[in-house]
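Per-entry structural report
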Amino acid sequence: MLALVFVNVMINYLDRSNLSVAAGELSKDLNLSTVEMGLIFSAFGWTYAILQIPGGLLADKINPRLLYGLCLITWSLATISQGFARGFVSLFGLRLATGAFEAPSYPINNRIVTSWFPNHERASAIALYVSGQFIGLAFFTPVLVTIQYYFGWKGLFVTTGLVGLVWGVIWYFFYRDPLEHPRVNQEELDYIQKGGGLIEGKKVATDQPSIWKWENLKQVIASRNLWGVYIGQFSMNAMLWFFLTWFPTYLVQYRGLNFIKTGYLASIPFLAACAGLLLSGFVSDYLVQKGKSVGMARKVPIIIGLIVSASIVGANYSTDTAAIIFFMALAFFGAGMALISWVFVSILSPKHLIGLTGGVFNFMGNLASIVVPIVIGFLVKGGDFKPALVFIGALGLIGACSYIFLVGKIDSVTVPVGPKEQELLSASK
């Protein structure tokens, strides 16, 4: 099941990042300025971020097998259509559509991991599936560059979209929740449930009290602990979205590297981010299993990672290609360490509001996908990329401070419920 989610994440991020590979040729063909490209880069994030809360609610109510299959097919169709865009308006609209259809994906991922894994294995599981975005981009960025080189940016969008269409069908035929999977025995179910996993999956989502209440959203938004996590996620995503949007353009147009060579060099930071993510996840779970406090085991790797991510500024002080890639890789390694932050959704949210909390968390974090590409577009308008890297590095330090000063004692957010709803919750346990 985790392998299926891993592939979902790889495809998810290929369809987010293909625009960054196509950007140079596409902007020339469609006569787009850096400011217009910044807006197009950010378009995905507009709908993706806004629909995180509805997406989280859907993840709580609809079986992941059906919902994820629909998401894969619809966002892949939007990706294919981008290959036929004729200008700013049509491309902007199709990126909005892609973001909308991908919106429920990460709340679904979190719901699946919460169903299939006990608490003490969850950070490792999250690290493994999230690593799909980096492994996919590291190994497939050179492939994407090659596809564009031979078939143009239109062929690039069509190819990546077709891959998602095929995989959407495969997902639907193979994914099952724990209680529905024919190969799961009672011993495994007991192990997951004893460790805090929600094996009921769809059944829990159906039997729970209604989550469509302002009081529930208000509680999730009002938590100081969660605000610290939200700000940290925004900071981490700022780094991520630089690499998903402007990074290839930075190497080609501002550092003068060959386009094909860029495809291979651009894969190095993604491999570094993957290494940081896996290291952080396994070390965090190891510390929990050794009896360390959850707060220390989960927060320390994230704080260290966000501080390390500020090293991206070092690229401003070198003209050597190897040194530039080193600083980029080091910074993304740190951002990768911070990506286990999804574990806080499972820890801090009420059990019946995991999807809603995940939606709010991803909404806050993915505001960076709107803000960062646009801000960079304006900062580099004069031909100098240095202010943009300072901007990204500063956000990493802000994220570290949010975990240090805002995320206090690790405990679940409590949501008041009435007597009838309490009876339903007790029954679901």
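Here the structure is shown first, and the text comes after it.
Residues numbered from 1 in each chain as written. Predicted model: local features only at pLDDT ≥ 70, side-chain atom pairs only at ≥ 80, totals over all residues. Heavy atoms only, no water.

A positive phi angle, near 55°, is found at N31, a position not held by glycine. Checked against the element boundaries, N31 lands in the loop between α1 (2-29) and α2 (34-50). N31 sits in the exposed class, given a relative accessible area of 66%. (Helix = DSSP H or I, 4+ residues; strand = E, 2+ residues; numbered from the N terminus. Buried < 20%, exposed > 50% of the residue type's maximum accessible area, 1.4 Å probe, protein only.)

Under the counting rule described, the total for this entry stands at two salt bridges. The residue E102 makes a salt bridge to R16 at a minimum N-O spacing of 3.0 Å. Placement of the pair is E102 in helix α5 (residues 88-102) and R16 in helix α1, with a sequence separation of 86 residues. Summarising the burial analysis for this pair, E102 and R16 share the class buried. The partner of D285 in a salt bridge is R298, and the shortest N-O contact between them spans 2.7 Å. Placement of D285 in helix α14 (residues 267-289) and of R298 in helix α15 (residues 294-309) is noted, with a sequence separation of 13 residues between them. Considered together, D285 and R298 belong to a single accessibility category, that of buried residues. (Salt bridge = Lys/Arg side-chain N within 4 Å of Asp/Glu carboxyl O.)

In an α-helix there are 3.6 residues to a turn, and that puts residues three or four apart on one side. Over its 17 residues, helix α16 (residues 321-337) extends 24 Å from the first C-alpha to the last, a length consistent with the 24 Å expected when each residue adds 1.5 Å. Residues I324, I325, M328, A329, A331, F332, G334, A335, G336 and M337 constitute the buried set of α16. (Expected span 1.5 Å × (residues − 1).)

So, on to the packing of aromatic side chains. Within this structure, the stated rule accounts for 24 aromatic pairs. Centroid distance Y13 to Y106: 6.3 Å. Interplanar angle 80°. Geometry classified as edge-to-face. Of this pair, Y13 sits in helix α1 while Y106 sits in helix α6 (residues 105-116), and the two are 93 residues apart along the sequence. A relative accessible area of 4% means that Y13 is categorised as buried. (Phe/Tyr/Trp six-rings, centres within 6.5 Å; stacked < 30°, edge-to-face > 60°.)

Glancing now at the environment of F173. Mapping F173 onto the fold places it in helix α7 (residues 119-174). According to the relative accessible area criterion, F173 is exposed, its value standing at 56%. Put simply, F173 and R65 are 108 residues apart on the chain and 8.3 Å apart in space, counted from C-alpha to C-alpha.

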